[in-house]
Amino acid sequence: MKQWQCMACRFVYGEAAGLPGEGIAPGTRWEHIPADWEYPDCGVSKSDSEMLEA
């Protein structure tokens, strides 16, 4: 499972953990998150993310 980081606020989305408080179940792959999803801390779109190397 991968992790993605917002380039604006540095919030990290981890596929393994998901974001249950945002309605994203643990294990949800990045490609299954809607294109219009925004980071909860800053409102920046999914497209402004970078995959973190393991």
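Placed above this text is the structure.
Just so it is clear, the model here is predicted, and its values are computed rather than measured.

## Topic: the pattern of salt bridges
- Per the stated rule, a full pass over the model turns up 1 salt bridge.
- In this structure, glutamate 15 engages arginine 29 in a salt bridge whose closest nitrogen and oxygen atoms are separated by 3.2 Å. Taken together, the residues span a long stretch of sequence, with glutamate 15 in the loop between β2 (12-14) and β3 (49-52) and arginine 29 in the loop between β2 and β3 at a distance of 14 residues.
- Overall, the relative accessible area of 2% leaves glutamate 15 in the buried class.
- Judged by relative accessible area, arginine 29 falls into the partly exposed class, the value being 34%.

## A short note on the sheet that holds strand β1 (residues 3-6)
- The 3 strands lie next to each other as β2-β1-β3, forming an open sheet whose pairing is antiparallel. The sheet is open, and its two edges are formed by β2 and β3, each paired on a single side. Averaged over all adjacent pairs, the angle separating strand axes in this sheet is 30°, with direction ignored.
- Note that β1 and β3 share 4 bridges and pair antiparallel. Paired with glutamine 5 across the two strands is glutamate 50, which belongs to β3.

## With respect to the nonpolar core
- Trp4, Cys6, Phe11, Tyr13, Leu19, Ile24, Trp30, Ile33, Trp37, Tyr39 and Val44 together form the largest nonpolar core, which totals 11 residues.
- Contacts of cysteine 6, omitting those with residues within four sequence positions, involve Phe11, Tyr39, Cys42, Val44 and Asp48.

Parameters and conventions
Along every chain, residues carry numbers that run from 1 in the direction the sequence is written. Thresholds applied to this predicted model are a pLDDT of at least 70 for local features of residues and 80 or more for the giving and counting of side-chain atom pairs; totals over whole chains, interfaces and linings are not thresholded and use all residues. Side-chain measures here rest on the full set of heavy atoms in the structure, leaving out hydrogens and waters. The salt bridge definition used is simple: a Lys or Arg side-chain nitrogen within 4 Å of an Asp or Glu carboxyl oxygen. Each helix corresponds to a stretch of at least 4 residues labelled H or I by DSSP, and each strand to a stretch of at least 2 residues labelled E; elements are numbered beginning at the N terminus. Between buried and exposed lies partly exposed: a residue is buried under 20% and exposed over 50% of the maximum accessible area for its type, with that area taken using a 1.4 Å probe on protein chains only. We call two strands paired when DSSP finds no fewer than two bridges between them. Axis angles are defined between N-to-C directions and span 0 to 180 degrees, where every axis is a line fitted to C-alpha atoms and, for a helix, only to the segment in contact. Side-chain atoms within 4.5 Å are what join buried Ala, Val, Leu, Ile, Met, Phe, Trp, Tyr and Cys residues into a set we call a nonpolar core. Two residues qualify as a contact provided that any one of their heavy atoms is within 4.5 Å of a heavy atom in the partner residue.

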